[in-house]
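Structure assessment
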Amino acid sequence: MAVNDSLPDTLCPISRAETIVGDRWTVLVLRELFMANHRYDEIQAQTGGTPQMVAARLKCLEADGLVERRLYNERPKRYEYHLTAKGEAFYPVIIALRAWGETWCKAPEEGLAVNMTHKNCNHSAGLGPLCEHCGEALRREDLISQPQAAYAAERLARHEAFKGK
């Protein structure tokens, strides 16, 4: 995955977007940032990526303006990674991928991995992009996410396995 630093060879917006976020690892890194995991080790633990892969994706996302680094420790220098406005604008894509994955990539008896409550109406938001109860467009800041117990346990197990290495 290379930083998109050259003039595009196409006018196609999908092709241009794909050059920035068109691989699994980049989308998983963005998922973690949307889930408020801002530190490198948290991102690595939850994506399962190698240190080199995570570092490369974060560097590219920063260069492409989706992520900014923020120093949180001077000695040794340690950074957190936060979404910029451009990165936040990727949220509808994450919602669409979630909806597609919940609909087509799971058995119905598994249930939703994450239940989302729409703060504006205090009901289940469903899979989006509109709230299934009130019909408003779903915005990240208007949602409360509650992972299903099995998904929370899966994420905790990944975190514990990573810390145990």
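Residues numbered from 1 in each chain as written. Predicted model: local features only at pLDDT ≥ 70, side-chain atom pairs only at ≥ 80, totals over all residues. Heavy atoms only, no water.

Examining the packing of helix 2 (residues 24-34) against helix 3 (residues 40-47)
For any two helices packed against each other, the geometry comes down to the angle between their axes and how far apart the axes lie. Spelled out, the test is: Between N-to-C directions, angles span 0 to 180 degrees; the directions come from axes that are lines fitted to C-alpha atoms, helices contributing only their stretch in contact. Helix and strand assignments follow DSSP, with helices taken as H or I runs no shorter than four residues and strands as E runs no shorter than two, numbered in order from the N terminus. Here roughly perpendicular refers to angles of 65 to 115 degrees, roughly parallel to angles under 35, roughly antiparallel to angles over 145, and oblique to all remaining angles. Left-handed describes a crossing in which the near helix is turned anticlockwise from the far one by less than a right angle; the clockwise case is right-handed. Contacts are assigned to residue pairs that have any heavy atoms within 4.5 Å of one another.
Two numbers describe how helix 2 lies on helix 3: the axes approach to 9 Å, and their chain directions differ by 125°. Comparing their axes, helix 3 and helix 2 come out oblique. Between helix 2 and helix 3 the crossing geometry is right-handed. Taking contact as the criterion, the partners of W25, L28, V29, R31, E32 and L33 in helix 2 are, on helix 3, I43, Q46 and T47.

Quick look at the UniProt feature "domain: HTH hxlR-type" (unreviewed entry) in the chain
Just so we agree on the cut-off: UniProt positions are given in the numbering used here, feature names are shortened, and annotations may be inferred rather than shown by experiment.
This chain's UniProt record puts "domain: HTH hxlR-type" (unreviewed entry) on residues 12-109. Across residues 12-109, helical content stands at 60% and strand content at 13%; the span's end C-alpha atoms are separated by 39 Å.

Observations concerning the confidence of the model for the chain
Basically, it comes down to this: pLDDT gives the predictor's per-residue confidence on a scale running from 0 to 100.
Mean pLDDT over the chain works out to 93, with 95% of the residues at or above the 70 mark. When mean pLDDT is compared element by element in the chain, strand 4 (residues 123-124) scores highest at 98, while helix 1 (residues 13-21) scores lowest at 92.

Examining unusual backbone geometry
Backbone torsion omega between R75 and P76 reads -10°, so that peptide bond is classified as cis. Cis geometry is adopted by the peptide bond preceding P129, which originates at G128 and carries an omega value of 10°. Phi angles above zero are rare outside glycine, and N122 is one such case at about 60°. One can find N122 in the loop between strand 3 (114-118) and strand 4.

As for the nonpolar core
Put simply, the rule reads: We call a set of buried Ala, Val, Leu, Ile, Met, Phe, Trp, Tyr and Cys residues a nonpolar core when their side-chain atoms join them within 4.5 Å. Relative accessible area decides the class of each residue, using a 1.4 Å probe on protein chains only: under 20% of the type maximum gives buried, over 50% gives exposed, and in between gives partly exposed.
Residues L30, L33, L66, V67 and M116 are the most contacted members of the largest nonpolar core, which totals 29 residues. Looking at this core, the elements with two or more residues in it are helix 1, helix 2, helix 4 (51-63), strand 2 (78-83), helix 6 (91-104) and strand 3. Among the elements that take part in this core, helix 2 stands out by supplying 5 residues, more than any other. If near-sequence neighbours (up to four positions away) are discounted, M116 is found in contact with Y91, I95, R98, H123, S124, A125, G126, L143, I144 and S145.

A short note on the pairing of strand 1 (residues 67-73)
Convention followed: At least two bridges found by DSSP between two strands is the condition for calling them paired.
Where strand 1 lies against strand 2, 6 bridges are found, and the strand directions are antiparallel. Residue pairing for strand 2: V67 is matched across the bridge by L83. Hairpin connection, strand 1 to strand 2: the antiparallel pair is bridged by 4 residues.

Things to note about the pattern of salt bridges
Spelled out, the test is: One speaks of a salt bridge when a side-chain nitrogen belonging to Lys or Arg is within 4 Å of a carboxyl oxygen belonging to Asp or Glu.
If you walk through the whole model with that rule in mind, you get 13 salt bridges. The partner of E154 in a salt bridge is R158, and the shortest N-O contact between them spans 2.9 Å. You can see E154 and its partner R158 sitting in helix 7 (residues 149-164), 4 residues apart, about one turn around the helix. Several salt bridges converge on common partners, so that one network encompasses R31, E32 and R155.

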